[in-house]
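Each chain is listed here by its residues.
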Amino acid sequence: MTTHQGFYVVDDQNVQKQLTYSILNTTWTAQRKHGYATANVILPLVFIQTFAYATLWITPRSDRRIVTSVSTLFGTLVFSAVLNRSLPPVSYVTRLSALGIETFCYVIAILVFNILLRLTLRACEEQRSMDNDNKKIIKEREQLAKAASGGGKGGGGGGGGG
């Protein structure tokens, strides 16, 4: 510890006194423990992304894909809220917050994909149903046309003999 002489102070009697003060030099060494971030942030976000990806393996015609995707989205939002409460606020984007944003965007993209896939499949099913209905109508008309043309040829001469 060293002592330095500093300013002069004038007291009530206009006497100048010299102030002395001490300076303490310290050095701090800090090391970050990565285990906390890995276990409490990175692994859950990877699990959420894996869960979102797993929805692509569900049968495309099933509405469970969308329900599971929405559940994954809610899980991402809740995890993000809990994470934001546990970390100190900063004015810049950290790697952890960037990973959270990336996970959120990934889950949204999977949800949008599943919704578009379901809507497309539903439209295809409706179109197939309409095509089948149209084929039935065409067959019925052809049968009526055959019956009308076949009934007109053979049906006119059989009843009058008397």
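Residues numbered from 1 in each chain as written. Predicted model: local features only at pLDDT ≥ 70, side-chain atom pairs only at ≥ 80, totals over all residues. Heavy atoms only, no water.

1. Considerations on the pattern of salt bridges
Scanning the model with the defined rule gives three salt bridges in all. With a shortest N-O distance of 3.3 Å, Arg 61 and Glu 125 are connected by a salt bridge. One end of the pair, Arg 61, is in the loop between helix H1 (34–54) and helix H2 (64–86); the other, Glu 125, is in helix H3 (residues 95–154), with 64 residues separating them in the sequence. With a relative accessible area of 31%, Glu 125 lands in the partly exposed category. Each of Asp 63, Arg 118 and Arg 122 takes part in one network of salt bridges that share partners. (Salt bridge = Lys/Arg side-chain N within 4 Å of Asp/Glu carboxyl O. Helix = DSSP H or I, 4+ residues; strand = E, 2+ residues; numbered from the N terminus. Buried < 20%, exposed > 50% of the residue type's maximum accessible area, 1.4 Å probe, protein only.)

2. Examining H2
Here H2 spans 33 Å end to end across 23 residues, near enough to the 33 Å set by a 1.5 Å rise per residue. Taken together, the buried positions of H2 are occupied by Arg 65, Thr 68, Ser 69, Thr 72, Leu 73, Thr 76, Phe 79 and Leu 83. (Expected span 1.5 Å × (residues − 1).)

3. Regarding the confidence of the model for the protein
For the protein, per-residue confidence averages 82 on the pLDDT scale, and residues scoring 70 or more make up 80% of the total. Mean pLDDT across the elements of the protein ranges from a minimum in strand E1 (residues 2–10), with 55, to a maximum in H2, with 91. (pLDDT = per-residue confidence, 0-100.)

4. Here's the deal with the packing of H1 against H2
Put simply, H1 and H2 touch, their axes get as near as 9 Å, and they point 165° apart. As judged from the angle between their axes, H1 and H2 are roughly antiparallel. Once H1 is placed against H2, the crossing between them reads as left-handed. The segment H1 lies against H2, with Tyr 36, Asn 40, Val 41, Pro 44, Leu 45, Ile 48, Phe 51 and Ala 52 engaging Thr 68, Thr 72, Gly 75, Thr 76, Phe 79, Leu 83 and Ser 86. Along the lines of polarity and charge, the residues of the contact of H1 with H2 split into nine nonpolar, six polar and no charged. (Axes fitted to C-alpha atoms, helices over the stretch in contact; angles between N-to-C directions. Parallel < 35°, antiparallel > 145°, perpendicular 65-115°, else oblique. Left-handed = near helix turned anticlockwise from the far one by under 90°. Contact = heavy atoms within 4.5 Å. Nonpolar A, V, L, I, M, F, W, Y, C, P; charged D, E, K, R; others polar.)

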